[in-house]
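# Coordinates in review
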Amino acid sequence: MLYFHHKGIVQNLIHNLKYKNHQEIGTLLGKRYAKDLEAVNQIKTITEIIPVPLHKKRLEERGYNQVITFCEALSEELKIPLNDSLLYRSRYSKTQTKKDKESRKDVSNALFDVNFTEADSNKHFLLIDDVLTSGATLEACAKALLKIPNSKVSIITIAYTLS
């Protein structure tokens, strides 16, 4: 949706959403982005919205998952159910914001898993994160979701960066 660069307005938005509990930013961006997504044919095949999860310890530290309000707004506007219990972070790790791409990839492998039943088979999941940097977190999440028989994964992020 947005391009994230050092000291830019998008960095400020994400920082306020992620670390300063300004969850209204996620709601505003989700409602705005939903309008664009309504025109995308593939959106019509999505069966559930899946936020990238935080580990329970990180959730306790921060008090909220920064992508949830974005996901909730998309869910409400697009009439697609939100499922925040299917995918979970199985291991706690330090923040990846200061790590280079190779370090991020190493850390992300095997961090995520799924709690699924047969009812979760044959679904098309929309995986959502705040910022795409190396893609390692999203790749690890998608690999976990693809353990579900006949599943398909599409990905959306609030922002992306080349750094």
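Predicted model only: the values in this text are computed from it and were never measured.

### Comments concerning the overall build of the chain
A tally of regular secondary structure across the chain gives 6 helices and 6 strands. Going from N to C terminus, the chain has its helices and strands arranged as β-α-α-β-α-α-β-α-β-β-α-β. Across the 163 residues in the chain, those meeting the buried criterion constitute 48%. By sequence separation, contacts in the chain at least 24 residues apart represent 78% of the contacts at least 6 residues apart. Accessible surface, the chain as shown: approximately 9,000 Å² in total, 52% of it carbon and sulfur.

### Details of the pattern of salt bridges
Pairing of side chains with opposite charge becomes possible as their charged atoms draw close. Applying the stated criterion across every chain yields a total of 9 salt bridges. A salt bridge links Asp130 to Lys18; its shortest N-O distance comes to 3.4 Å. Residue Asp130 is located in strand β5 (residues 124-132), and its partner Lys18 is located in helix α1 (residues 9-19); the two are separated by 112 residues in the primary sequence. Taken individually, Asp130 and Lys18 each receive the classification buried, so the pair is uniform in this respect. In this structure, a network of salt bridges that share partners links the residues Lys31, Lys35 and Glu77.

### Overview of the nonpolar core
Counting 24 residues, the largest nonpolar core has Phe70, Leu74 and Ile128 as the members making the most contacts within it. The set of elements that each furnish at least two residues to this core consists of α1, α2 (24-37), α4 (68-78), β5 and β6 (152-160). A total of 5 residues in this core trace back to one element, the largest contributor, which is α2. Other than its neighbours up to four places away in sequence, Phe70 contacts Met1, Gly26, Thr27, Leu29, Gly30, Tyr33, Ile128, Ile156 and Ile158. Counting 17 residues, the second-largest nonpolar core is a separate cluster that includes Leu86, Phe112, Phe125 and Ile148.

Analysis parameters
- Residues numbered from 1 in each chain as written.
- Predicted model: local features only at pLDDT ≥ 70, side-chain atom pairs only at ≥ 80, totals over all residues.
- Heavy atoms only, no water.
- Helix = DSSP H or I, 4+ residues; strand = E, 2+ residues; numbered from the N terminus.
- Buried < 20%, exposed > 50% of the residue type's maximum accessible area, 1.4 Å probe, protein only.
- Contact = heavy atoms within 4.5 Å.
- Areas by Shrake-Rupley, 256 points an atom, 1.4 Å probe, with all protein chains shown as cover.
- Salt bridge = Lys/Arg side-chain N within 4 Å of Asp/Glu carboxyl O.
- Core = buried A, V, L, I, M, F, W, Y, C linked by side-chain atoms within 4.5 Å.

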